[in-house]
Amino acid sequence: MKKISVLLLLLGFGFLYSFLLNRTPIHLNQDELGFSLNAYSIAKTGFDENGRFFPLYFWHLGVMWAAPFIVYLTALFLLVFPLSEIVVRLPSVLVAVCNILLIYVVGRKIFKSHLWGLASAVLLGLTPAHFIHGRILLDTLYIVPFALGWLLLLIYFLEKKNQWILFAIGVVLGIGIHSYHAAKIMIPIYLLLTLVFAYPYIKGKKSYLLLLIGFVLPLVPLVPWLALYPDTLLDQVRYTGLYDTKLNPFSGIATLLTPEIIFHKISVFISYFDPFFLFLLGDASLIHSTSLRHPLGISQSIVRAGVFLFPFAVFLPIGIFWIVKIGKNRFFWLFITGFFTAPVAAALVGDHYRISRSLAMLPFAALIAVCAIRFLVSQKVKLLRALCYLLLIVIPLQFSYFVYDYFTDYRIRSYNWMRYNIPGALEEIILQEKKVPAKVIYIDRRTEFIDRYWKFYLIKHNEEELFEKTVFFEPRDIVIEDLENNSIIMYNMNDVDGLKTEVGPFKKVASIFEPDGVSVFYIYRN
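Residues numbered from 1 in each chain as written. Predicted model: local features only at pLDDT ≥ 70, side-chain atom pairs only at ≥ 80, totals over all residues. Heavy atoms only, no water.

Help me understand helix H7 (residues 144-160), please; the structure alone is not making it clear to me.
Spacing of three or four residues puts side chains on the same side of an α-helix, whose turn is 3.6 residues. With 17 residues, H7 extends 24 Å between its outermost C-alpha atoms, agreeing within 8% with the 24 Å of an ideal straight helix rising 1.5 Å per residue. Counting buried positions over the 17 residues of H7 gives 14, a clear majority of the element. Once H7 finishes, Lys161 follows within two positions and takes phi at roughly 60°, a positive value. (Helix = DSSP H or I, 4+ residues; strand = E, 2+ residues; numbered from the N terminus. Expected span 1.5 Å × (residues − 1). Buried < 20%, exposed > 50% of the residue type's maximum accessible area, 1.4 Å probe, protein only.)

How do you make sense of the pattern of salt bridges when you look at a structure like this?
Pairing is possible between side chains of opposite charge, provided their charged atoms come close. Within this structure, the stated rule accounts for 16 salt bridges. Asp405 is the partner of Arg413 in a salt bridge, and the nearest nitrogen-oxygen pair spans 2.6 Å. In this pair, the class of Arg413 matches that of Asp405, namely buried. Across the salt bridge formed by Glu427 and Lys460, the nearest N and O atoms sit 3.1 Å from each other. Here the residue Glu427 occupies a position in helix H22 (residues 422-435), and Lys460 occupies one in helix H23 (residues 450-460), the gap between them amounting to 33 residues. (Salt bridge = Lys/Arg side-chain N within 4 Å of Asp/Glu carboxyl O.)

Explanation requested: the pairing of strand E7 (residues 506-513) in the structure shown.
When a strand is regular, its side chains alternate between the sheet's two faces. Bridging between strand E6 (residues 502-503) and E7 involves two bridges; their strand directions are antiparallel. Its bridge partner being in E7, Val503 is matched across the sheet by Phe506. Between E6 and the antiparallel strand that follows it, E7, lie two residues; Gly504 among them carries a positive phi value of about 60°. As paired elements, E7 and strand E8 (residues 519-525) share six bridges and run antiparallel to each other. (Pairing = 2+ DSSP bridges.)

Help me out: how do you make sense of empty space enclosed by the protein in this one?
A full pass over the atoms with the stated rule returns two cavities of 30 Å³ or more. Considering only enclosed or pocket space, the largest cavity measures out at about 50 Å³ in volume. In terms of lining, the largest cavity is formed by Pro128, Ala129, Ile132, Gly282, Asp283, His288, Ser289, Thr290, Ala305, Gly306, Val307 and Phe402. No other element matches helix H6 (residues 128-133), which puts three residues into the lining of the largest cavity. Of the residues contributing to the lining of the largest cavity, the split by class is six nonpolar, five polar and one charged. Its boundaries defined by the atoms lining it, the second largest cavity holds a volume of some 40 Å³. Taken together, Thr140, Ile143, Tyr180, Ala182, Met186, Ala342, Ser356, Arg357, Ser358, Leu359 and Ala360 make up the lining of the second largest cavity. For the lining of the second largest cavity, the per-class residue count stands at seven nonpolar, three polar and one charged. (1 Å grid on protein atoms, 1.4 Å probe; cavity = no way out; pocket = protein on both sides within 12 Å on 5 of 7 lines; lining within 4 Å. Points joined across faces, edges and corners; volume = space filled by probe spheres on them. Nonpolar A, V, L, I, M, F, W, Y, C, P; charged D, E, K, R; others polar.)

Could you clarify how one ought to interpret the side chain of Ser84 in this entry?
Position of Ser84 among the secondary structure elements: in the loop between helix H3 (69-80) and helix H4 (85-111). Given the relative accessible area of 16%, Ser84 is considered buried. When near neighbours in sequence (up to four residues on either side) are disregarded, Ser84 contacts Phe456 and Lys460. (Contact = heavy atoms within 4.5 Å.)

Please explain the side chain of His130 as it appears in this structure.
Along the chain, the position of His130 falls in helix H6. With a relative accessible area of 0%, His130 lands in the buried category. Side-chain polar atoms of His130 contact the side chain of Tyr17, separated by 2.8 Å. What His130 contacts, discounting residues up to four positions off in sequence, is Tyr17, Ala96, Asn99, Ile100, Leu124, Gly125, Leu141 and Leu362. (Polar contact = N/O pair within 3.5 Å; in protein donor to acceptor, adjacent residues only side chain to side chain.)

Spelled out as structure tokens, the structure:
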């Protein structure tokens with residue numbers, strides 16, 4: 001019966017997280033585009049977009065070296081399924097469901113109860129930030145299963161005292177380094193916490209060596225890779241803005257140690273525990289949150305959701321109090337440590353209010369909340385028990401509202417963050433081409449990453465040969481009367497008056513609309 005309940009839980013969350021993946025998020029954003037095209041290339045040829053054979057890291061959108069885990073996992077899906085928005089988002093659904101399974105096992109082991117294991121899983125699964133990132137092809141969520149895997153193995157080690165489990169912990173953490181660029185800061189913290197919490201049970205130098213070997217083994221491929229591409233790590237420093245990469249690493253790190261910079265980093269770190277951020281507003285970007293921050297207040301956000309649902313505002317402080325004052329299991333302190341260290345990487349690069357940079361916070365918060373619920377339901381004071389039950393009722397109610405908003409109004413609020421309806425414009429061109437083949441397809445190149453979007457949708461519709469007759473043009477550099485007859489041209493709203501039905505010899509055949517009726521792209525033919 002227990003296995004059936006867990007299976008039903010995972011199937012339920014799997015369905016919820018994969019529901020209407022092609023509808024919300026409303027459009028494919030540029031990071032999803034970059035990861036999916038590299039994954040498609042790996043799946044079909046073994047080479048990335050730039051001709052590297054099974055690379056350790058991927059050159060992403062021409063701006064940075066991206067971690068490999070997300071690309072190779074997506075490539076596995078593309079070995080079986082055709083390229084589409086749904087398929088490329090399924091790997092993140094899988095990661096989210098794995099997180100839910102892992103935290104169930106962690107909760108069951110640490111609380112010694114199937115019921116509390118289920119509670120841990122449900123609380124994580126119903127966390128808005130986890131839901132949002134479990135439906136989009138971004139590597140920000142991919143550190144979480146490694147954090148939970150580390151936590152679970154550490155529980156097993158403290159329970160069984162088997163020194164070879166330390167080797168497994170090292171391997172999980174070493175592989176986790178390649179999950180997300182912030183992992184290069186967070187994973188060493190978890191390695192240090194392993195030494196702190198496991199210290200009383202580590203037997204001699206052999207045990208330390210097992211942990212170290214396990215950790216180093218997954219890092220060995222970095223040696224030949226960095227010999228070929230020595231800028232890989234430095235590029236991630238440049239991309240995150242940690243310090244000025246024109247300086248050598250020692251000088252760069254030294255710039256972080258000035259009082260002004262230190263106080264700034266501390267203020268950023270503290271901002272991650274701002275109650276408004278955690279329970280009302282969420283991430284500063286509408287790619288990672290449903291709440292739009294308003295400069296004059298929080299009225300637009302209060303009916304939506306922050307990083308966590310409202311009841312967590314009560315459960316987290318009570319759970320922390322219980323662990324500090326009452327909890328007898330030393331291991332529970334790891335929940336607090338994991339929760340409060342989660343924003344370290346984001347704080348170092350100066351990113352205020354970006355839960356997308358610190359998603360490892362989520363499972364630790366869920367486990368702390370379970371501690372609070374266990375404490376409250378055991379109280380003899382009826383008022384405390386009633387408060388707990390009331391908050392538990394609020395969780396599914398608020399989550400239901402959040403999900404309703406996510407699938408409806410959030411699509412309208414977020415479409416500009418998702419680069420507008422580029423997919424609709426490009427698919428309209430493909431439709432026009434099928435009706436009457438064009439000699440040339442002209443696409444406004446001032447739409448960022450448009451060549452990659454075009455490649456994605458040509459592959460999706462099995463029309464890759466159209467790329468050969470595509471010209472990406474700069475509107476200021478063309479004379480429209482000189483363009484080829486029987487051509488299709490795509491403009492964005494910055495380069496043409498969308499009210500015009502004709503532009504030179506070209507006639508408008510389609511306006512591409514957003515859900516609220518705004519039109520950003522226009523298709524013309526001559």
